[in-house]
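Structural description and commentary
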Amino acid sequence: MTESGRKRADHTVKKARFEKSFPKRESAQEKSAPSMKGKEKAKDMDDTSEPPPHLASTFKIVAGSYEKLLYGLEGTVSPSESGYEFHLEPIFIFPAHVSCIKAVAASPGGKWLATGSADEIVKVWDLARRKEIGGLMHHQGSITYLQFPSRSHLLSASEDGTLCLFHARDWAVLRIFKGHKGRVNSVAVHPSGKVALSVGQDRTLRMWDMMRGKGSASTKLGKEGEVVRWSLKGSFFIVQCHSSLEIFSTDMVLRHTLSHASRIHSVRFCKRVNGAGELMLVAAEDKKVSVYQVPEDPEETPSIIAEMVGHSNRVKAVEILEIAVPPRTNSTSTTIVCTVSSDGKIFVYDLAGLPADAKDRVQLQPVSEYDTKGTRLTCVTISEGRADSSEAGQKRKRGEENDEETQH
């Protein structure tokens, strides 16, 4: 894979493949308008409705560490007297890189796993077979961020100031995004797949046109952004720096500035299990994950309604996954939250434990955990496990085959 990844493929062919995997291009009128400017553009980006994916009843957690070790866990859900319960079992533990692991990402559906390290290599693994596919050596600095924006694409960021988009069939480079002067800290692809945001050491927020493979806008933040995230619907985004969270509208107008109680390490958005609305999960130095309620009115400021507790050291990363659970009185699914900490523990929380009418701060305890016995965990990803039925598995298989066909 390394040799094929190094070769430059025909850009015309790659461009056609890439466009088939994402939403269609804008009209000529939309092209002439500045990116992310105006109400019409914002409205277009909010329209990202998709049919709900099939939910698996098992899941896989993969965590990286300073000690170069990669931990893989399989999670299962089983019926219990209280409704259901979670179990975690280790499926692999091994040194995956020659330097500390700084980023991990699993593809939708859990087929591929990508890991990035200070050794400047992105390694790709077949997660189901637990087998290394090869290494992508296109960066000249530590890997800082990895994401699969779709089943068939991998996006990486590095201290060398660049972002790379890879094709997950032959692992060739489709796009190289250049513009940052210094380390790229975080990347966020809009739910539509059309644009991406990035923040870095140069104290700028940059927007990238994923369809054309070039930068479309940038603005100076005045501080080094460490994390950037889109909301679930893509109607706004946040930029995190130290202990502050800045909330921007799609046209890059600052709406709110939140001052968190301690330094922040990770942020994720998710929907509520009980009741309607959007939540923002903030993992921080204070050994917990704060759960913010995001008001529907953009003029209102998000506020903390719950805390996920249990860790004895800083929480380094948080990830979420919606999964199927044994039939209950009011739901057949829930959203689990996975956290890793410098205390060496991996926790799983169940958002079904958050009441719909929670007003005072609710404390959520982990429903399952795994102890690495002191390993300093740095990053985590979570993906679907096997399907609930053979019929669902066939549907997923056909979907993957169709996805591959769009690449030819």
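Residues numbered from 1 in each chain as written. Predicted model: local features only at pLDDT ≥ 70, side-chain atom pairs only at ≥ 80, totals over all residues. Heavy atoms only, no water.

1. Concerning the environment of I61
- Here I61 shows up in strand β1 (residues 58-65).
- Look past the residues within four positions of I61 in its chain and what remains in contact with it is Y71, G72, L73, L88, C338, I346, V348, V380, T381 and I382. (Helix = DSSP H or I, 4+ residues; strand = E, 2+ residues; numbered from the N terminus. Contact = heavy atoms within 4.5 Å.)

2. Here we look at the side chain of H97
- Locating H97 in the fold gives a position in the loop between β3 (83-95) and β4 (101-106).
- A polar contact of 2.8 Å, which involves the side chain of H97, links it to the side chain of T115.
- A polar contact of 2.9 Å, which involves the side chain of H97, links it to the side chain of D119.
- Beyond its immediate sequence surroundings of up to four residues, H97 is in contact with K68, T115, G116, S117, D119, I121 and K123. (Polar contact = N/O pair within 3.5 Å; in protein donor to acceptor, adjacent residues only side chain to side chain.)

3. Here's the deal with the nonpolar core
- Judged by nonpolar contacts, the single largest core of 23 residues is most densely connected at F59, I61, I323, I336 and I346.
- For this core, the elements supplying multiple residues, two or more each, are β1, β2 (69-80), β3, β24 (315-324), β25 (333-341), β26 (345-350) and β29 (377-384).
- In terms of nonpolar packing, the next biggest core, distinct from the first, is built from 18 residues, L279, A283, A306 and V318 among them. (Core = buried A, V, L, I, M, F, W, Y, C linked by side-chain atoms within 4.5 Å. Buried < 20%, exposed > 50% of the residue type's maximum accessible area, 1.4 Å probe, protein only.)

4. Focus: a negative patch on the surface
- Taken together, the side chains of E296, D297, E299 and E300 make up a negatively charged region of the molecular surface.
- Checked against the element boundaries, E299 lands in the loop between β22 (289-294) and β23 (303-308).
- Assessed through its relative accessible area of 64%, E299 is described here as exposed. (Patch = residues over 30% accessible without salt bridge, like charges linked within 9 Å, V, L, I, M, F, W, Y side chains within 5 Å. Areas by Shrake-Rupley, 256 points an atom, 1.4 Å probe, with all protein chains shown as cover. Salt bridge = Lys/Arg side-chain N within 4 Å of Asp/Glu carboxyl O. Lys, Arg positive; Asp, Glu negative; His and termini not counted. Charge placed at Lys NZ, Arg CZ, Asp CG, Glu CD.)

5. What to know about the sheet that holds strand β18 (residues 244-249)
- Reading across the sheet, the four strands line up as β16-β17-β18-β19 and stay open at both edges, with antiparallel pairing between neighbours. In the strand order of this sheet, the two ends are held by β16 (227-230) and β19 (254-259), each with one partner. Each neighbouring strand pair of the sheet contributes to a mean axis angle of 20 degrees, computed without reference to strand direction.
- Relative to β19, β18 is paired through five bridges, and the arrangement is antiparallel. What sits directly across from E246, in β19, is T257. (Pairing = 2+ DSSP bridges. Axes fitted to C-alpha atoms, helices over the stretch in contact; angles between N-to-C directions.)

6. Topic: the environment of R206
- Locating R206 in the fold gives a position in strand β14 (residues 204-209).
- Separated by 14 residues in the primary sequence, R206 and K220 place their C-alpha atoms 8.8 Å from one another.
- When near neighbours in sequence (up to four residues on either side) are disregarded, R206 contacts G179, H180, A196, L197, S198, A217 and S218.
- A polar side-chain atom of R206 sits 3.1 Å from the main-chain carbonyl oxygen of G179.

7. Notes on the environment of I346
- With respect to the helices and strands, the residue I346 is situated in strand β26.
- Excluding anything up to four places from it in sequence, I346 contacts I61, A63, L73, L88, C338, T339, V340, S368, E369, Y370 and L377.

8. Points about the pairing of β4
- Burial within β4 is extensive, with five of its six residues counted as buried.
- Relative to strand β5 (residues 112-117), β4 runs antiparallel, the two sharing five bridges. Of the residues in β5, the one forming a bridge with A103 is G116.
- Once β4 ends, the chain turns through five residues before running back antiparallel as β5, passing G109 with a positive phi of about 95 degrees.

9. Section: the confidence of the model for the chain
- Residues at a pLDDT of 70 or more form 80% of the chain, whose mean pLDDT is 83.
- Low pLDDT (under 50) marks residues 1-52, which in the prediction has 86 contacts with non-local residues, meaning those over four places away or in another chain.
- Confidence drops under a pLDDT of 50 for residues 387-408, and excluding neighbours within four residues, the segment shows 30 contacts in the predicted structure. (pLDDT = per-residue confidence, 0-100.)

10. Here we look at unusual backbone geometry
- The phi torsion at R203 lies on the positive side, around 65 degrees, for a residue other than glycine.
- Note that R203 resides in the loop between β13 (195-200) and β14.
- R203 sits in the partly exposed class, given a relative accessible area of 47%.
- In the Ramachandran plot, K287 falls in the positive-phi region, its phi being about 75 degrees despite a non-glycine side chain.
- Looking at the secondary structure, you find K287 in the loop between β21 (278-284) and β22.

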